[in-house]
Structure formats: C-alpha cells, structure tokens
Amino acid sequence: VQLQASGGGLVQAGGSLRLSCAASGGTFSSYMMGWFRQAPGKEREFVAAISRAGATYYADSVKGRFTISRDNAKNTVYLQVNSLEPEDTAIYYCAARISVTSSYYSDRSRYSYWGQGTLVTVSS
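Conventions and cut-offs
Residues numbered from 1 in each chain as written. Predicted model: local features only at pLDDT ≥ 70, side-chain atom pairs only at ≥ 80, totals over all residues. Heavy atoms only, no water. Buried < 20%, exposed > 50% of the residue type's maximum accessible area, 1.4 Å probe, protein only. Helix = DSSP H or I, 4+ residues; strand = E, 2+ residues; numbered from the N terminus. Pairing = 2+ DSSP bridges. Core = buried A, V, L, I, M, F, W, Y, C linked by side-chain atoms within 4.5 Å. Salt bridge = Lys/Arg side-chain N within 4 Å of Asp/Glu carboxyl O. Phe/Tyr/Trp six-rings, centres within 6.5 Å; stacked < 30°, edge-to-face > 60°. Lys NZ or Arg CZ within 6 Å of the ring centre and 35° of its normal. Axes fitted to C-alpha atoms, helices over the stretch in contact; angles between N-to-C directions. Disulfide = S-S within 2.5 Å.

Undergrad: How should I be thinking about the pairing of strand 5 (residues 45-50) in this particular structure?
TA: Every other side chain in a regular strand lies on the same face of the sheet, so the side chains alternate between the two faces. In terms of burial, strand 5 is a largely internal element, 5 of the 6 residues being buried. Note that strand 4 (residues 31-38) and strand 5 share 5 bridges and pair antiparallel. Among the inter-strand pairings, Trp 35 is bridged to a residue of strand 5, identified as Ala 48. In sequence, strand 4 turns back onto strand 5 through a hairpin of 6 residues, with Gly 41 there showing a positive phi of about 75 degrees. Taken together, the 3 bridges between strand 5 and strand 6 (residues 56-58) define a ladder with antiparallel strand orientation. Bridging across to strand 6, Ala 48 finds its partner in Tyr 58.

In structure tokens:
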C-alpha cells in the first residue's frame, strides 16, 4: 500500500491543522492506521492510531488536542490537530499495518507501510 500525507504547514501557537493521509494499492479497511512524528534531533514517536473498527489511541502529550479519524470510503485517515504548541513542531508520518488486534499500537516497528511525511511548524 502507498501512503501520501498532506496538510502540514506553518501555524501560530494555539492554531489548528488537519492532516490527511491517502492510501492506495491495498484494502484500506483492513489496516490499522497510525500517525507518528519526528522532531529535529529526536526519535520518531507515536502520536495516534485508529483500529480497523474505529477504536482510537493517543499519546499522553496530545490527548484532548488531537483527533484521529478514518474514512474507509475515501481510503483516508485524518489527524485533526488543535491547540498546537511549539513542541508539536515535527514531520508527521502516517503508517499502516495489517493486524487483527490493536496490540502494540504505539510500536513503530509493527507498522509495515509509511508515507513520506508532512511538516508541521508551530511558531510561538
């Protein structure tokens, strides 16, 4: 499956963005989808995930501010990011894994497919 992330940009602290990730070449509804991010000089970290059934999972740092959703008819997963902080500045990557369970949803090694990333920059 190929993943194409979009929607990043430059935003002031407190602002919002909607990131999208369009999938092609696979059966989108069969994938668990995740968003990860990587800030300069840091490891790639888990942000959010959504199961095939629509169950959602979040990193503690983004709970209450970010919302992940999916539209299987459009083969797209979204990440609504609100109340952005300078610490949210990073390249945001979407990822996909074939899994019948949601175990290890935050483990990036469990995801087989990755998009190219979209840059989110938050100014203070």
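Next comes the rest of the description.
Undergrad: Would you mind going over the nonpolar core with me for this structure?
TA: In a soluble, globular protein the nonpolar side chains are often hidden away together inside. Ranked by internal contacts, the top residues of the largest apolar core, which has 37 residues, are Trp 35, Leu 79 and Tyr 92. Elements that contribute at least two residues to this core include exactly strand 1 (2-6), strand 3 (17-24), strand 4, strand 5, strand 7 (66-71), strand 8 (76-81), strand 9 (90-98) and strand 11 (118-123).

Undergrad: What am I meant to see in the pattern of salt bridges here?
TA: One pass over the structure, following the stated rule, counts 7 salt bridges. With a shortest N-O distance of 3.3 Å, Lys 63 and Asp 60 are connected by a salt bridge. Taken together, the shared-partner salt bridges connect Arg 37, Glu 45, Arg 65, Glu 85 and Asp 88 into one network.

Undergrad: Teacher, can you tell me more about the packing of aromatic side chains here?
TA: The geometry of two aromatic rings is summed up by the distance between their centres and the angle between their planes. One pass over the full model with this rule turns up 7 aromatic pairs. For the ring pair Phe 36 and Trp 114, a centre distance of 5.1 Å and an interplane angle of 55 degrees mean the geometry is tilted. Of this pair, Phe 36 sits in strand 4 while Trp 114 sits in strand 10 (residues 113-114), and the two are 78 residues apart along the sequence. Classification of Phe 36 as buried rests on a relative accessible area of 0%. Over the aromatic face of Tyr 78 sits the side chain of Arg 18, whose NZ or CZ is 3.9 Å from the ring centroid.

Undergrad: Looking at this structure, how should I read the sheet that holds strand 7?
TA: Pairing between the strands of a sheet comes from backbone hydrogen bonds, and it takes one of two forms, parallel or antiparallel. With antiparallel pairing, the 4 strands of this open sheet are ordered in space as 1-3-8-7. Among the strands making up the open sheet, the edge pair consists of strand 1 and strand 7. For this sheet, the mean angle separating the axes of adjacent strands, direction not counted, is 15 degrees. Sheet topology note: the strand 3/strand 8 ladder contains 6 bridges and is antiparallel. Bridging from a neighbouring strand, Cys 21 pairs with Val 77 of strand 8.

Undergrad: How should I be thinking about the state of the cysteines in this particular structure?
TA: By definition, a disulfide links the sulfur atoms of two cysteine residues through a covalent bond. This structure, assessed with the given rule, holds 1 disulfide. The residue that forms a disulfide with Cys 21 is Cys 94, at a sulfur-sulfur distance of 2.1 Å. The sign of the 60 degrees torsion about the S-S bond sets the Cys 21-Cys 94 disulfide as right-handed. A residue pair is termed long-range when its members are at least 10 positions apart, and Cys 21 in strand 3 and Cys 94 in strand 9 qualify at 73 residues. For Cys 21, a relative accessible area of 0% gives the class buried. The exposure class of Cys 94 is buried, given its relative accessible area of 0%.

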